[in-house]
Amino acid sequence: MSRALWLGGALSALVLVAAGLSFFWTPFDHSAMNIPDKLQTPGATHWFGTDHFGRDLFSMIMVGARTSIAVALVAVGIGIGLGVPLGLWAAARQGGWADEVIMRGNDLIFAFPSLVIAILITAIFGAGAVNAIIAIGIFNIPVFARVTRGGALPLWAREFILAARVSGKGAARISVEHILPNIANLLIVQATIQFSLGILAEAALSYVGLGAQPPTPSWGRMLADAQTLVSIAPHMALVPGVAIILTVLGLNLLGDGLRDALDPKLRVARA
Amino acid sequence: MLRYALKRLTSLLISLAIASLVIFAVIEVAPGDPASFMLGVNAQEDTLAALRAELGLDQSKVQRYLAWVSGMVQGDFGTSYQYRTPVSDMIAQRLWVSLPLALYALALSTLIAFPAGIYAASRRGKAGDVGVMGATQIGIAIPNFWFAMMLVLVFAINLRWFSAGGFAGWDKGVFAALKSLTLPAIALALPQAAILARVMRSSLLDIMGEDFMRTARAKGLTRAQALRRHGLRNALIPVLTILGLQFSFLLAGGIIIEQVFYLPGLGRLIFQSISARDLIVVESVTMLLVFAVIVVNFAVDLAYAAVDPRLRGRT
Amino acid sequence: MTLLRIDALNVQIGGTPILRDVSLSVSAGEVVAVTGESGSGKSMTALSVMQLLPDGAQATGSVTLDGHDLLQLDEPTLCTLRGNTVGMVFQEPMTALNPVMTIGAQVAETLRLHRPDLNADAQARAVLDRVELHDIPMARFPHELSGGQRQRVVIAIAIACGPKLLIADEPTTALDVTTQAQILALLKRLAAEDGMGLLMITHDLAVVAQMADRITVMRHGEVVEDGTTAPLLTNPAHDYTRALLAASTHRVVLPEASSDAPLLRVDSVVRDYALPRTRLFAPPRHHRAVDGVSFDIPRGGRIGLVGESGCGKSTLTRAILGLEPVQAGSITLDGTPVTDPGVRRKMQVVFQDPYGSFNPRHRVSRLITEPFHLLPEPPPDRADRIATALTDVGLSPGDADKYPHQFSGGQRQRLAIARALIIRPELVIFDEAVSALDVSVRAQILDLIAGLCKQYNLTYLFISHDLSVVRTITDRVLVMQAGKIVEDRPTETVFTAPTHPYTRTLIDAAPTLPQLEMTP
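Read on for a plain summary of the structure. (Residues numbered from 1 in each chain as written. Chains lettered and ligands numbered in written order. Predicted model: local features only at pLDDT ≥ 70, side-chain atom pairs only at ≥ 80, totals over all residues. Heavy atoms only, no water.)

## Remarks on the overall build of chain B
Applied cut-off: Secondary structure follows DSSP: runs of H or I at least 4 residues long count as helices, runs of E at least 2 residues long count as strands, and numbering of each begins at the N terminus. Type-normalised accessible area, obtained with a 1.4 Å probe on protein chains alone, sets the label of each residue: buried when under 20%, exposed when over 50%, and partly exposed for intermediate values. The contact criterion used is simple: two residues touch if any of their non-hydrogen atoms lie within 4.5 Å. Working definition of accessibility: Shrake-Rupley area with a 1.4 Å probe, residue cover restricted to the visible protein chains. Here Asp and Glu are counted as negative and Lys and Arg as positive; His is not counted, and neither are the chain ends. For charged residues, the charge sits on one atom: NZ in Lys, CZ in Arg, CG in Asp, CD in Glu.
In terms of helices and strands, chain B carries 13 helices and 0 strands. Helices and strands appear in chain B in the N-to-C order α-α-α-α-α-α-α-α-α-α-α-α-α. If you line up chain B on its principal axes, its C-alpha atoms span 85 × 55 × 35 Å. Here chain B holds 315 residues, and the buried ones make up 52% of them. Look at the contacts in chain B between residues 6 or more apart in sequence, and 73% of them connect residues 24 or more apart. Within the structure as shown, chain B displays about 14100 Å² of accessible surface, and the carbon and sulfur contribution to it stands at 65%. Positive and negative side-chain charges of chain B, numbering 28 and 18 respectively, have mean locations separated by a distance of 19 Å.

Pasting the structure below:
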């Protein structure tokens, strides 16, 4: 196990545990306002301080982690659920019309500035977590389709795939039995990357008021609240910012670590 | 080369056509009638009808789509529902903020990333490499709008070197204008530079393992000479892709940074228009951004061919 | 006069010894071949002379080139020697050249570096002419040249500054046999004309016999034997050399062929590929990969198919396997078209690459039973069939639970044969099945195939670019050139009295070991 894997795994686990724990316990009620205690700096009572309504930032971060994880996770799910089958299909029909249509469609989605479209979708169909998930998820589809196709194409030229074809197996069966297990590493690594990008995108959307709506806490909106107060209460901006950075950093390190650990070339060298 | 360019151009036009259809369709299904939004809930039915006729909203969808597209081809983006001024004027004005910002950020990002990536690759596995790569890991994880807030806190509020927001305007001189774009450009550029530096490094490391690099060393070139003369140009091919993607991201990604710094760019225009249901502006700005992305991708394709002779002969 | 002297050279990478106590020498004008199987350390020896060992490698001993002890020199001094006093030619011409630089610029670069007094461009042209690329403009890019032409460019770079020593590391292994003959002749001519020492690394003893004045045989990073070519090849002192020679000239004994009714019938088959249009409205162009090919394979027949790369033999193979549509003609097995799913189970294939032909994530039992998929229902005696198949190919039934990476290259090829035979196909296709193997392993696999012929009366099509292998393992040969079969006759006749000029060219180009008087 590499250091990246350890550190990334630990950070990611920390965020997951905090999010899970928040269902049962938070130090304070995350939405309870307590004006006399407002804008307290981090201390013994309020570990991360309080915001301009006197709400406990530590509790808000814990509950906010839920939102970030849920949005990013479902968005990655959309990407994998639709992108991987499309990518497998395109690779199996390399050069055919299906491949052409799928890949051109991918290029087209890539041509849309993702953030603008996400803003457009949430603005037109209403701000909220579900629309944010859809807006982020749509742009995960071509990413996974491309990675899948890119990983599958060289496999289709390999002799063990030819051997499977000589054994009479069809394209669908070969894709599931031979291609998918051999590109699982790629997909796992890509999923962690997209997951971290999803967390960043969710934060951006809720920062401009288009993500999860109050009273659901979210890290992006905490930053939006902090903006006007940044000169008098910088901790309000620092706390959610560092939460985002550590989460994304953890996921990226996890992705890198997994890539090295799962690389079959390295594994063969060790075997 | 010409054939390659023509083929790319054809696919560019097709992409634009499909993109315009998609954007038009999304705006069409958007709930809310611009006319009643503009006149308020108490408007008379005949006033509404008159306004709809004036805005061209009573025509069929096909007619409106064709009118929109043919207008855009001639540089006429229609008239803003909200301000009753030509959209093209509004866009042109805002473009003078967003485009320089994107270019400024791209320049910063490249200037930081190329040396960092080359340095890390040449010190592979040593302390310098580990340091640069660690910094890029953090750079990638930083949300740019948060980084923008921190820059404001440090350089505008505490040190007072820059103003916290707003745009000086080009009429105040190039220096003043660039100065007011500096913090936003840094905020945009640093996370992008982190990505670019990583791509540069891994691309160079891949190239270093190639057979032709060994040939170059066997000629008597030093490691550094081989890298400079044979490695860089080959390593540039994947880097170009990322550069192209980044430019479009910077142009559109400015949207949120413009919010942080109160810059009168395209991003703020989109936000304001969405909240005012000024859909013709939303439609046109989105189309413009898509156009920019597609054109940049086209330019990247041409740049590929310039760098890689293997593409030139291909159709 | 001794030009290069390697003395007691030891190389370690990360503590693992790669070379042990290697000594050899090359004189001016002399051709010395270093030979051995994979892992013998022969390429590492060449890289030690260039001082281009992989990062982390530590060398001790001495490598003296033209009076310089290379192990003691600093990097800047080494750079003035590389490309100038010593040039190197690599195995893979397709990747050895910078793809984004013209060939002229790549040759001229060496000259600019070491000979600033010369007009680099004019000299580069002269060097390209010397390697017989008169017709190729300097402004060409590598991808516009054939493999043989690229290797000439690599040679031009290596000899541009008139080095005293030329190192060639498997310079013809990636090339076709006729191209190989030309490149070998070129290297020999250049060495003779310039009085260069030539250090040639090759696994191919026939090439060694043809080229070298002296031979050094290596195994596991050590020199086992060296000496003058003729005596060493006719009367080797070391057992390993003797074994290597025996394996290189290995002949198998095939049982009498039972020539029966045709099993596979290929009739006037045509396979066209659409080429990209040159102009938007030009009529579509085609490349005819297989051009009206007809032949039969009788039951129990052992047919060889030879030809150089691009001749269409791979396309034909895939068409026979029913993996590729044909535009005209028919391919039938027992009268049924091969595209019919019922026919699939009567054919199996063994591929070239022992590493690429298995899904690395599956166990042997699953891998070799994949063809059971072709049967209407899995056989009831699955475990017995696996055990039999593994035993038949010289492995043990206990290997069924292992993963492919636990086997050596030769053992994997045995697994591939087990997989092909497990459903008792009527026709087996060996597609370059022994081409990636070392000679000693290759000899074992050929014996295995011959043995299986006796046991199961196999019918097979054996595709190879290696004429010596085809000669021993088949009883009829098809020679393919540019999509057509130009010769189809009994093997021995083809080799002793070829009728088609192309066949003669192929046979003449293939280097052969002299008939040796082996002393036991």
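## Focus: the sheet that holds strand β14 (residues 328-333) of chain C
All names here are of chain C. Stated formally: Pairing between strands is defined by DSSP: at least two bridges between them are needed. Here an axis means a line fitted to C-alpha atoms, over the contact stretch when the element is a helix, while the angle between two N-to-C directions is reported on a 0 to 180 degree scale.
Pairing is antiparallel across the open sheet formed by 4 strands, whose spatial order is β12-β11-β14-β15. Each having just a single partner strand, β12 (285-298) and β15 (336-337) make up the two edges of the open sheet. In terms of strand pairing, β14 meets β15 through 2 bridges, oriented antiparallel. Looking across to β15, one finds that Thr332 is bridged to Pro337. Seen against the sheet, helix α10 (residues 313-320) touches β11 (262-275), β12 and β14 and runs at an angle of roughly 60 degrees to β12.

## A closer look at the interface of chain A and chain B
As a reminder, the rule being used: A simple way to read buried area is as the amount of 1.4 Å-probe accessible surface that goes missing from two parts once joined, with both sides added. Salt bridge, as applied in this entry: a Lys or Arg side-chain nitrogen positioned within 4 Å of an Asp or Glu carboxyl oxygen. A 3.5 Å cut-off defines polar contacts: any pair of N or O atoms within that distance qualifies, except that in protein one atom must be a possible hydrogen donor and the other a possible acceptor, and neighbouring residues in sequence count only when both atoms are side-chain atoms. Note that Gly is not counted as nonpolar here; it falls among the polar residues with everything else outside the nonpolar set of Ala, Val, Leu, Ile, Met, Phe, Trp, Tyr, Cys and Pro and the charged set of Asp, Glu, Lys and Arg.
Tallying the contact residues gives 36 residues for chain A and 39 residues for chain B. Summed over both sides, the interface of chain A with chain B buries roughly 3300 Å², with 84% coming from carbon and sulfur. Linking chain A to chain B there are 1 salt bridge. Between Arg198(B) and Asp256(A) there is a salt bridge; the shortest N-O distance is 3.1 Å. There are 4 residue pairs in polar contact (both at pLDDT 80 or more) connecting chain A and chain B. Among the elements of the structure, α3 (97-111), α4 (114-125), α7 (171-207), α8 (219-227) and α9 (234-262) of chain A are those that each provide at least two residues to the side of chain A that touches chain B. Examining the composition of the side of chain A that touches chain B, we find that 12 residues originate from one element, α9(A), more than from any other. For the side of chain A that touches chain B, a count of residues per class yields 31 nonpolar, 4 polar and 1 charged.

## Description of the packing of aromatic side chains
Rules: Only centres within 6.5 Å qualify two rings of Phe, Tyr or Trp (six-membered ring in Trp) as a pair; their planes then separate them into stacked at under 30 degrees, edge-to-face at over 60, and tilted for everything else. Counting as a charge over the ring demands two things of the Lys NZ or Arg CZ atom: a distance within 6 Å of the ring centre and an angle within 35 degrees of the ring normal.
By the definition in use, this model includes 9 aromatic pairs over all chains. Their ring planes at 55 degrees and their centres at 6.3 Å tell us that Tyr65(B) and Trp68(B) sit as a pair that is tilted. Of this pair, Tyr65(B) and Trp68(B) are both found in helix α4 (residues 61-73), 3 residues apart, which corresponds to roughly one turn of the helix. Seen in terms of ring centroids, Phe430(C) and Phe462(C) are 5.8 Å apart; in terms of plane orientation they differ by 40 degrees. Their pairing is tilted. A residue pair is termed long-range when its members are at least 10 positions apart, and Phe430(C) in strand β17 (residues 427-431) and Phe462(C) in strand β18 (residues 460-464) qualify at 32 residues. Comparing Phe430(C) with Phe462(C) shows no difference in burial state: the two are buried. Within the aromatic cluster, the residues linked to one another by ring pairs are Phe24(B), Tyr65(B) and Trp68(B). Cation over ring: Arg66(A) sits above Phe23(A), and NZ or CZ is 4.2 Å from the ring centre.

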